[in-house]
Amino acid sequence: MSSSAWLATVLDMEMLELLRGVLISPRGTLDGDILDKTGGEVYDELGGRYLLRYLLPRQVGMFNRGSSLRHYTTPTPYAPEDTITYLNLPTPREGREYVMALDPSKIPTIKGPRWVEGGIGIEYLLPNGFPDTSVVWSWEKKVT
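Here's what I pulled together on the structure shown here. (Residues numbered from 1 in each chain as written. Predicted model: local features only at pLDDT ≥ 70, side-chain atom pairs only at ≥ 80, totals over all residues. Heavy atoms only, no water.)

Details of the side chain of Thr76
Part 1: With respect to the element layout, Thr76 can be found in the loop between β3 (71-73) and α3 (80-87).
Part 2: Separated by 2.4 Å, the side chains of Thr76 and Asp12 make a polar contact.
Part 3: With sequence-adjacent residues up to four places away left out, Thr76 is seen in contact with Ala8, Thr9, Asp12, Arg49, Leu52 and Tyr54. (Helix = DSSP H or I, 4+ residues; strand = E, 2+ residues; numbered from the N terminus. Polar contact = N/O pair within 3.5 Å; in protein donor to acceptor, adjacent residues only side chain to side chain. Contact = heavy atoms within 4.5 Å.)

So, the nonpolar core
Part 1: Counting residues in each nonpolar core, the largest one holds 19 residues, and the members touching the most others are Leu16, Leu102 and Phe130.
Part 2: Residue assignment for this core shows that the elements contributing at least two residues are α1 (3-19), β2 (51-55), β4 (98-102), β5 (110-115) and β6 (122-126).
Part 3: Here this core takes three residues from β6, the largest share from any one element.
Part 4: Formed by twelve residues, the second largest nonpolar core is a distinct cluster that contains Tyr86, Leu87, Ala101 and Val143. (Core = buried A, V, L, I, M, F, W, Y, C linked by side-chain atoms within 4.5 Å. Buried < 20%, exposed > 50% of the residue type's maximum accessible area, 1.4 Å probe, protein only.)

A closer look at the sheet that holds strand β7 (residues 141-142)
Part 1: The three strands lie next to each other as β2-β4-β7, forming an open sheet whose pairing is antiparallel. This sheet does not close on itself; its edge strands, each paired only once, are β2 and β7.
Part 2: Two strands pair when backbone bridges link them, and β4 and β7 are joined in this way by two bridges, in the antiparallel orientation. The residue bridging Tyr98 from the neighbouring strand is Lys142, located in β7. (Pairing = 2+ DSSP bridges.)

Concerning the environment of Arg96
Part 1: Its location among the elements puts Arg96 in the loop between α3 and β4.
Part 2: Taking relative accessible area as the criterion, Arg96 reaches 3% and is therefore assigned buried.
Part 3: Residues Arg96 and Ile84, twelve residues apart in the sequence, show an inter-C-alpha distance of 7.7 Å.
Part 4: Among the polar contacts made by the side chain of Arg96, one reaches the main-chain carbonyl oxygen of Pro90 at a distance of 2.5 Å.

Here's the deal with the environment of Leu51
Part 1: Here Leu51 is to be found in strand β2.
Part 2: As for Leu51 and His71, which are separated by 20 residues in sequence, their C-alpha atoms are 11 Å apart.
Part 3: Residues in contact with Leu51, not counting those within four places in the same chain, are Leu46, Thr73, Thr74, Pro75, Met100, Ala101, Leu102, Pro104, Ile110, Tyr124 and Leu126.

Focus on unusual backbone geometry
Part 1: For the bond running from Gly112 to Pro113, omega is 5°, close enough to zero to count as cis.
Part 2: Structurally, Pro113 can be placed in strand β5.
Part 3: Although it is not a glycine, Asn88 adopts a positive phi angle of roughly 50°.
Part 4: Turning to its location among the elements, Asn88 is positioned in the loop between α3 and β4.

Without other data, these values stay purely geometric and don't point to any function.
Written as structure tokens, this is what we have:
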């Protein structure tokens, strides 16, 4: 766990709560108990920043045309070795060396932010996935 990951998370928390007045839901808050927001609202609260979806190597290319599945994202950039601890990702033995960026303003429904259950990061839930128009890059970026 790197100190830069901790700093990035603290800065995101301060940006959301102190500067924007956005409440981060506590760990343990059920998905259904988090109010729906429009992507435009999330875009504004993040100051125009993207949401990041970290991927397993076998997932590369799976979501470039959007997805109707539930996805968990974060505004915080992490190194591969920090993603599992901060985001409490499944299959913890497999590193997340790839990331895709999503423009929240183009996603109809988003829930969050919430502190990650069992982790120490901040997450936004895309309960109905995301359209292809929200995918920022033509392909995923390798994070090193």
